[in-house]
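A look at the structure
These are the residues of each chain, in order.
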Amino acid sequence: MDKVKVGVIGVGRGSMMLQYCNAAQNAKLVAICDKWEEGLMGAKNSLNDPDVSYYTDFDEFLKHGDMDVVVLANYASEHAPFAIKAMNAGYNVISEVLPCQNMQQAVELVETVERTGKIYCYAENYCYMPGPYEMKRRYRAGQIGDFEYAEGEYVHNCEPGWTSLTYGDPNHWRNTMYANFYCTHSLGPIVHITGLRPTKVVGLEVPITDKNLRMGHLYGQCGIEMVTFENGGIAKSIHGGLHMNNISYILYGSKGRYETARECAGQGDVRTLYAQWYDHEGDYSNFHGETVEPKVKEGEDIPAFGHSGSDYYCLWNAMEKIKGNPDADTIDVYEALNMFLPGLFAYRSVLAGGITMEIPNLRNKEERDQWRNDTACTDPKVAGDMLLPCYSKGNPDIPAEVYEHHQKIWRESHTQR
Ligand SMILES: NC(=O)c1ccc[n+]([C@@H]2O[C@H](COP(=O)([O-])OP(=O)(O)OC[C@H]3O[C@@H](n4cnc5c(N)ncnc54)[C@H](O)[C@@H]3O)[C@@H](O)[C@H]2O)c1
């Protein structure tokens, strides 16, 4: 296979896929799907490529046929059923974050990958940011010894862009998730660096603020997960919308530490890595300290792609995997769930008053039956009688005018949604 033939659903975040196919040598865009016709037509006009087909209906899109992979950039809460449908129709899948909403979907997703044999790549691009990616390379080479403690932080105040992100839809997933849902940007890199499985979690929820109510967002402004890994190491993961933005990672091992710069340090943030280590555990005679601006791929400058170039490398590896390159570094369905389940169970911990929750291991077939009918989540479309509140203290009453205000601003520049 020379170039992977790509179909993408969702023209918002999916537009990055169009940029990727334009820039990279290993993929070619063949089809785009979005039920939002105005957005789809915008993509069609800007691409102006007669070889690309356009669909407003996902089932019709799946009939396209001559396509190697379906890239899911649809709603974050709806990836699992779309991934399952795409794999059952014979396609490989690259899924945007998050992989699923509840345990029933998690079990079905794993079993569909196993039954169909299709490639599933979880596009947790933050793993491919220069700092955390270099941490992985060095950690796996044994430079800082065994994992002991880590911190992952993804703090993003989305209030200034909330109208364009939610278009005033009170049922948009960005308004109706729960504080611990979007956990894989902060926790995912720690899972990918160490290769270890999270086994237990304690969850915390930072309370709702006036800012959240102005936005029309029903859940606590931040989620925190205190995660125990299979070797006993601990990680703190924090994500959500505190006032100032930051993306950073710290990892302690038994003979050293890695740390990316914080955004406020003005050091190129997640592109700058501070590495400190000793040659041997318990021997303090040989100290090493480096400050590096790593390249993700040797010999290549970081391409001008979003999220510190990570959007590019995440997709490059996924395309190489589909082409059969044995060196492709991707995130499979089990690892995707190792990144996501700590958030789901952290929220169960929050709802239960902060107790420790065990995280299931869905590689074990015997554990699956306990979960295959567990639909608990905050989405009424799939939760049935297991519907959870978006906020542990009960969903706030948000006046209709809040959403009407966002809708009005949206309509000033768009005709449809
Ligand atoms: N990895 C990252 O850094 C990053 C950044 C932004 C967004 N995302 C992810 O990208 C995804 C999309 O986010 P977004 O910001 O573009 O906003 P969004 O979720 O509002 O957009 C989803 C798009 O999919 C389309 N869609 C939804 N259901 C559909 C269906 N049944 N048929 C056809 N089209 C359908 C919608 O019309 C919309 O254009 C989410 O999963 C989000 O988590 C990831």
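One structure accompanies this document, and this report is about it.

Looking now at the overall build of the protein chain. Secondary structure assignment for the protein chain yields 15 helices and 15 strands. On the principal axes, the C-alpha backbone points of the protein chain span a range of 65 × 55 × 50 Å. Buried positions account for 47% of the 417 residues belonging to the protein chain. The contacts in the protein chain between residues at least 6 apart in sequence include a share of 68% that link residues at least 24 apart.

Attention shifts here to the packing of helix α4 (residues 79–88) against helix α5 (residues 103–116). Helix-helix packing: each pair is described by the crossing angle between the helix axes and the interaxial distance. At a minimum axis separation of 10 Å, α4 and α5 run at an interaxial angle of 15°. Looking at the two axes, α4 sits roughly parallel to α5. As for the relative orientation of α4 and α5, their crossing is left-handed in sense. Residue-level contacts link Ala80, Ala83, Ile84, Met87 and Asn88 of α4 to Gln105, Glu108, Leu109, Thr112, Val113 and Thr116 of α5. Across the contact of α4 with α5, the residue classes break down as six nonpolar, four polar and one charged.

With that settled, consider unusual backbone geometry. Residue Val97 is joined to Leu98 through a cis peptide bond whose omega torsion reads 5°. Considering the arrangement of structural elements, one finds Leu98 in the loop between β5 (92–95) and α5. One non-glycine residue, Asn48, lies in positive phi territory at about 50°. Note that Asn48 resides in the loop between α2 (37–47) and β3 (53–55). Phi at His307 is positive, roughly 55°, even though this residue is not glycine. Its place among the elements puts His307 in the loop between β14 (283–292) and α11 (310–323).

Taking strand neighbours across the sheet as the criterion, the nine strands line up as β14-β13-β12-β11-β7-β10-β9-β8-β15 in an open arrangement whose pairing is mixed. Each end of this open sheet is capped by a strand with a single partner; those strands are β14 and β15 (357–358). Packed on one face of the sheet, helix α6 (residues 130–140) meets β11 (246–253), β12 (256–260), β13 (273–280) and β14 and runs near 15° to β11. Packed onto the sheet, helix α9 (residues 184–194) meets β7 (147–155), β8 (198–206), β9 (222–229), β10 (234–240) and β11 and runs at close to 150° relative to β7.

Moving on to the environment of Val113. With respect to the helices and strands, the residue Val113 is situated in helix α5. Counting along the chain gives 21 residues from Val113 to Asn92, while the straight-line C-alpha distance between them is 9.3 Å. Not counting residues within four places of it along the chain, the set of residues in contact with Val113 comprises Met87, Lys118, Tyr120 and Val333.

What follows covers the environment of Ile247. Along the chain, Ile247 turns up in strand β11. Between the alpha carbons of Ile247 and Asp34 there is a distance of 30 Å; along the sequence they are 213 residues apart. Among residues more than four places away in sequence, those in contact with Ile247 are Glu153, Tyr154, Glu263, Asp269 and Val270.

Take α6 next. Side chains that are three or four residues apart share a direction in an α-helix, a result of its 3.6 residues per turn. Most of α6 is tucked away: nine of the 11 residues are buried. Turning to α6, its buried residues are Pro130, Gly131, Pro132, Tyr133, Glu134, Met135, Lys136, Arg138 and Tyr139. For α6, the secondary structure elements touched by its buried residues are α9, β11, β12, β13 and β14. Looking at the residues trailing α6, positive phi occurs at Gly142, about 90°.

Now for the sheet that holds strand β4 (residues 69–72). Ordered by their spatial adjacency, six strands build an open sheet running β3-β2-β1-β4-β5-β6, and the pairing between neighbours is parallel. Only two strands of the sheet have a single partner each, and these edge strands are β3 and β6 (120–122). Along the sheet, successive strands turn relative to each other by an average axial angle of 25°, direction set aside.

This part takes up the packing of α6 against α9. Interaxial distance between α6 and α9 falls to 8 Å at its minimum, and their mutual angle equals 25°. It follows that α6 is roughly parallel to α9 by the angle criterion. Viewed along their axes, α6 and α9 form a crossing whose handedness is right-handed. Within the contact between the two elements, α6 uses Pro132, Met135, Lys136 and Tyr139 and α9 uses Pro189, His192, Ile193 and Thr194. Broken down by class, the residue content of the contact of α6 with α9 amounts to five nonpolar, two polar and one charged.

To continue, consider the pairing of β11. Two strands pair when backbone bridges link them, and β7 and β11 are joined in this way by eight bridges, in the antiparallel orientation. Considered in β11, the bridge of Gly152 is made with Tyr249. With four bridges joining them, β11 and β12 adopt antiparallel strand pairing. In the strand pairing of β12, Gly253 is matched with Gly256.

The subject of this paragraph is the nonpolar core. Counting residues in hydrophobic clusters, the biggest one holds 111 residues, and the most contacted among them are Val6, Val69, Val71, Ala83, Val93, Ala106 and Phe340. Top element by residues in this core is helix α12 (residues 333–351). It accounts for 11 residues. Residue-level mapping places this core at the junction of two domains, with at least three residues from each of domain 1 (4–125) and domain 2 (126–298 + 332–386). Once residues lying within four places of it in the same chain are set aside, the contact partners of Val71 are Val6, Gly7, Val8, Gly14, Met17 and Ile94.

Conventions and cut-offs
- Residues numbered from 1 in each chain as written.
- Predicted model: local features only at pLDDT ≥ 70, side-chain atom pairs only at ≥ 80, totals over all residues.
- Helix = DSSP H or I, 4+ residues; strand = E, 2+ residues; numbered from the N terminus.
- Buried ≥ 20, exposed ≤ 12 C-beta atoms within 10 Å, placed from the backbone.
- Contact = placed C-beta atoms within 7 Å.
- Axes fitted to C-alpha atoms, helices over the stretch in contact; angles between N-to-C directions.
- Parallel < 35°, antiparallel > 145°, perpendicular 65-115°, else oblique.
- Left-handed = near helix turned anticlockwise from the far one by under 90°.
- Nonpolar A, V, L, I, M, F, W, Y, C, P; charged D, E, K, R; others polar.
- Pairing = 2+ DSSP bridges.
- Core = buried A, V, L, I, M, F, W, Y, C linked by C-beta atoms within 7 Å.
- Domains from an automatic or database assignment.

Coordinates in, geometry out; function isn't part of it.
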